[in-house]
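# Chain and residue survey
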Amino acid sequence: MGNKNKTISFRVSEDKFETLREIAEERDISLSAVFRDYVDTLVAHDGQVTVAPDHELEAANAEETSTESFPPKVEVPKSFVREHERLELEAEHLREQLEEHKRYVTKLRTQLDEMDQDEVIHLEDLDEGEEEDASYRIGSFDDEF
């Protein structure tokens, strides 16, 4: 699982922190999600992202002939985001379990390959031996009477 999350920490002034918190509340997302969105956008556009106030963005959009706004805005319920994050964690957990089971099966196969054939007992051989001994016969009580 080479894709592990990393933590970034840095300091901002109290005023900027409050502004960031207001942005997060306005978008109805966590403060961490604000930074994740910014980092995702920055990476997606190869570092070519300009941060501009809304009024400058609106003025630039008004000058364009296109009716679409940039960046496109889509309303997503908070519950959807939380469920998506939960499912991502669950999927990662299941992938880890699958890898663990694969390692266990490989270990068992290796042990089986290393065993001598004399140590192996086949179930068919056991069934043949039980037919001779009636005390171990499987049946109902009605058969005996």
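Criteria and cut-off values
- Residues numbered from 1 in each chain as written.
- Predicted model: local features only at pLDDT ≥ 70, side-chain atom pairs only at ≥ 80, totals over all residues.
- Heavy atoms only, no water.
- Helix = DSSP H or I, 4+ residues; strand = E, 2+ residues; numbered from the N terminus.
- Buried < 20%, exposed > 50% of the residue type's maximum accessible area, 1.4 Å probe, protein only.
- Areas by Shrake-Rupley, 256 points an atom, 1.4 Å probe, with all protein chains shown as cover.
- Salt bridge = Lys/Arg side-chain N within 4 Å of Asp/Glu carboxyl O.
- Axes fitted to C-alpha atoms, helices over the stretch in contact; angles between N-to-C directions.
- Parallel < 35°, antiparallel > 145°, perpendicular 65-115°, else oblique.
- Contact = heavy atoms within 4.5 Å.
- Nonpolar A, V, L, I, M, F, W, Y, C, P; charged D, E, K, R; others polar.
- Patch = residues over 30% accessible without salt bridge, like charges linked within 9 Å, V, L, I, M, F, W, Y side chains within 5 Å.

### Some details on the overall build of the protein
A count of helices and strands for the protein gives 5 helices and 0 strands. Reading the protein from its N terminus to its C terminus gives the helix and strand order α-α-α-α-α. A burial count over the protein gives 3% of its 145 residues as buried. If you sum the accessible surface of the protein, you get close to 14,300 Å²; carbon and sulfur atoms cover 52% of it.

### A few points about unusual backbone geometry
With a phi close to 60°, Asp28 is a non-glycine residue in the positive phi region. With respect to the helices, strands and loops of the structure, Asp28 is situated in the loop between helix H1 (14-27) and helix H2 (31-44).

### Some thoughts on the environment of Val51
Secondary-structure assignment places Val51 in the loop between H2 and helix H3 (54-63). The exposure class assigned to Val51 is exposed, which follows from its relative accessible area of 64%.

### Regarding the pattern of salt bridges
Applying the stated criterion across every chain, the model contains 5 salt bridges. Note that Arg86 and Glu83 form a salt bridge whose closest N and O atoms lie 2.6 Å from each other. Of this pair, Arg86 and Glu83 both sit in helix H4 (residues 78-114), 3 residues apart, which is roughly one turn of the helix. Arg86 sits in the partly exposed class, given a relative accessible area of 40%. What makes Glu83 partly exposed here is its relative accessible area of 35%. Note that Glu90 and Arg86 form a salt bridge whose closest N and O atoms lie 2.8 Å from each other. Pair noted here: Glu90 and Arg86 are both in helix H4, with a separation of 4 residues, about one helical turn.

### Describing the packing of H1 against H2
Packing of H1 against H2 leaves a shortest axis separation of 8 Å and a crossing angle of 90°. By the angle between their axes, H1 is roughly perpendicular relative to H2. Across from Phe17, Leu20, Arg21, Ala24 and Arg27 in H1, the residues of H2 making contact are Leu31, Val34, Phe35 and Asp37. For the contact of H1 with H2, a count of residues per class yields 6 nonpolar, no polar and 3 charged.

### Concerning a nonpolar patch on the surface
Together, Tyr38, Val39, Val43 and Val51 give the surface a local cluster of nonpolar side chains, amounting to about 380 Å² of exposed area. Position of Val39 relative to the elements: it lies in helix H2. Relative accessible area serves as the criterion here: at 37%, Val39 is assigned to the partly exposed category.

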